[in-house]
Amino acid sequence: MAAQLFQGKGHAAVYQKYRFAPGKELQQIILSYVQEKRTSPTELVVDVGCGSGQGTLFLAEHFKKVVGTDISEAQIQEGREAPSPPNLSYLVCPAEELPFEDGSVDLLTSFTAAHWFDIEKFMKEVDRVVKPRGCVALSTYTVDMRLHYGNCSEKLTQIFRETKDVIFKYSHSRVKHVLEDYKEIFEALPFKDKKRLTEIFDKIPMTVAGVVGYLESVSPYQAYMKDDPEAAKTLLQETEKRFLEVMGVSSPETQLEFWVRHVCVLGCKGP
């Protein structure tokens, strides 16, 4: 059964504000793979578990027709209300029941979402809707994250990890797929032509407030908020305060670099 942890309007708004799009390195790997494998034009791209559309927007810059799907109406509403090009649309539906015809999808993607799906049912849908010679790219960023700013990068990263460790005590069991670098998801993909890349690194410009907002957007923090809202809020306030003190700045809008490691499962359906 799929896990549904991003349903509320409040969470969707935080997600839209603070979740970052796929970085340049990951984008280039996906685009290069599609270019290498596809012999005909890529007409229809479907981004499954799109949330509020961070990855979907990137795809719309490069392909003719892009559809983002998500089970959360609140997330889809956030995506629809954000500025988007005319070739991009959104649908509310489960990942395991995609409203597309057999063999109609040229590229199917999922950014930081596949681990929430019922993997066996989702893979059957992938096999059903993807065209012969169509491609799949299922990626996630990992918990291997670092903060870089001047000569205090190690201290900032340590503070970030301490906060993350507290929050991740509230993790759902599905996070194991991320911790295992999507190994089970790779094995479940029913294509012979496939590969799993685990060393994709992106450097994402972000503010201190953005880093704290990202922590607020993750599903374990939302579970922590339900269990102990005062402790959860205090943790993030203290984390921001510690970041600023170590950096020797006063503004949470101060820029730093957020380094993140991605994993990506790529596959091409046989003829």
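Residues numbered from 1 in each chain as written. Predicted model: local features only at pLDDT ≥ 70, side-chain atom pairs only at ≥ 80, totals over all residues. Heavy atoms only, no water.

Asker: How should I be thinking about the packing of aromatic side chains in this particular structure?
Answerer: Any two aromatic rings considered together are summarised by their centre-to-centre distance and by the angle between their planes. Applying the stated criterion to the full structure yields seven aromatic pairs. What links up through ring pairs into an aromatic cluster is the set Y141, F160, Y214 and F258. Just above the ring of F168 sits the side chain of K164; from NZ or CZ to the centre is 5.7 Å. Lying over the aromatic face of F186, K194 brings its terminal NZ or CZ to 4.9 Å of the ring centre. (Phe/Tyr/Trp six-rings, centres within 6.5 Å; stacked < 30°, edge-to-face > 60°. Lys NZ or Arg CZ within 6 Å of the ring centre and 35° of its normal.)

Asker: When you look at helix α5 (residues 119-129) in this model, what are you seeing that I'm missing?
Answerer: Each full turn of the α-helix corresponds to 3.6 residues, which orients residues three or four apart in the same direction. Turning to α5, its buried residues number three or more, namely I119, F122, M123, E125, V126 and V129. Down the axis of α5, the buried side of the element spans an arc of 155 degrees, and every buried residue falls inside it. Away from its buried face, by an angle of more than 90 degrees, α5 presents the exposed residues E120 and K124. For α5, the secondary structure elements touched by its buried residues are β1 (44-48), β4 (105-111), β5 (130-148), α7 (176-179) and α8 (183-188). (Buried < 20%, exposed > 50% of the residue type's maximum accessible area, 1.4 Å probe, protein only. Helix = DSSP H or I, 4+ residues; strand = E, 2+ residues; numbered from the N terminus. Arc of directions from axis to C-beta. Contact = heavy atoms within 4.5 Å.)

Asker: Honestly, the packing of helix α10 (residues 219-227) against helix α11 (residues 229-247) in this entry has me stumped. Any pointers?
Answerer: The description of two packed helices rests on the angle between their axes and on the distance between the axes. At a minimum axis separation of 5 Å, α10 and α11 run at an interaxial angle of 130 degrees. Accordingly, the angle class assigned to the pair α10 and α11 is oblique. Seen from α10, the contacting residues are Y221, Y224, M225, K226 and D227; seen from α11, they are P229, A231, A232, K233, L235 and L236. Tallied by class, residues from the contact of α10 with α11 come to eight nonpolar, no polar and three charged. (Axes fitted to C-alpha atoms, helices over the stretch in contact; angles between N-to-C directions. Parallel < 35°, antiparallel > 145°, perpendicular 65-115°, else oblique. Nonpolar A, V, L, I, M, F, W, Y, C, P; charged D, E, K, R; others polar.)

Asker: What exactly am I supposed to notice about the nonpolar core here?
Answerer: Soluble globular proteins tend to bury their nonpolar side chains together. In terms of nonpolar packing, the biggest core is built from 30 residues, with L108, F122 and V126 touching the most fellow members. Elements with a contribution of two residues or more to this core: β1, β4, α5, β5 and β7 (255-268). In terms of residue count, the dominant contributor to this core is α5 (five residues). In this structure, F122 is in contact with V48, A95, E96, L108, F117 and L138, ignoring residues within four places of it in sequence. (Core = buried A, V, L, I, M, F, W, Y, C linked by side-chain atoms within 4.5 Å.)

Asker: Sorry if this is basic, but what is going on with the confidence of the model for the protein here?
Answerer: Detail in the predicted coordinates should be disregarded across regions flagged by low pLDDT. Per-residue pLDDT for the protein averages 91, and the proportion of residues at 70 or more is 93%. This model gives residues 1-8 a pLDDT under 50, and the stretch forms 27 contacts once residues within four places in sequence are excluded. (pLDDT = per-residue confidence, 0-100.)

Asker: What am I meant to see in the pattern of salt bridges here?
Answerer: Opposite charge on two side chains permits pairing when their charged atoms draw close. All told, the structure shown has 16 salt bridges when counted by the stated rule. A salt bridge links K37 to E36, with the shortest nitrogen-to-oxygen separation between them at 3.9 Å. On the accessibility criterion, E36 (53% relative accessible area) is exposed. When the shortest N-O distance is used, the salt bridge between D144 and R146 registers 3.9 Å. For D144, a relative accessible area of 24% translates into the label partly exposed. Here the salt bridges share partners, and the residues they tie into one network are D144, R146, D181 and R261. (Salt bridge = Lys/Arg side-chain N within 4 Å of Asp/Glu carboxyl O.)

Asker: Looking at this model, I keep getting lost on the pairing of β7. Mind explaining?
Answerer: Where a strand is regular, its side chains alternate between the two sheet faces. Among the 14 residues in β7, 11 count as buried, and that is most of the element. Examined bridge by bridge, β5 and β7 share 11 bridges and lie antiparallel to one another. From the neighbouring strand, T140 faces β7, where its bridge partner is V263. Two strands pair when backbone bridges link them, and strand β6 (residues 193-207) and β7 are joined in this way by 13 bridges, in the antiparallel orientation. In the sheet register, P205 faces β7, and the bridge partner there is E257. (Pairing = 2+ DSSP bridges.)

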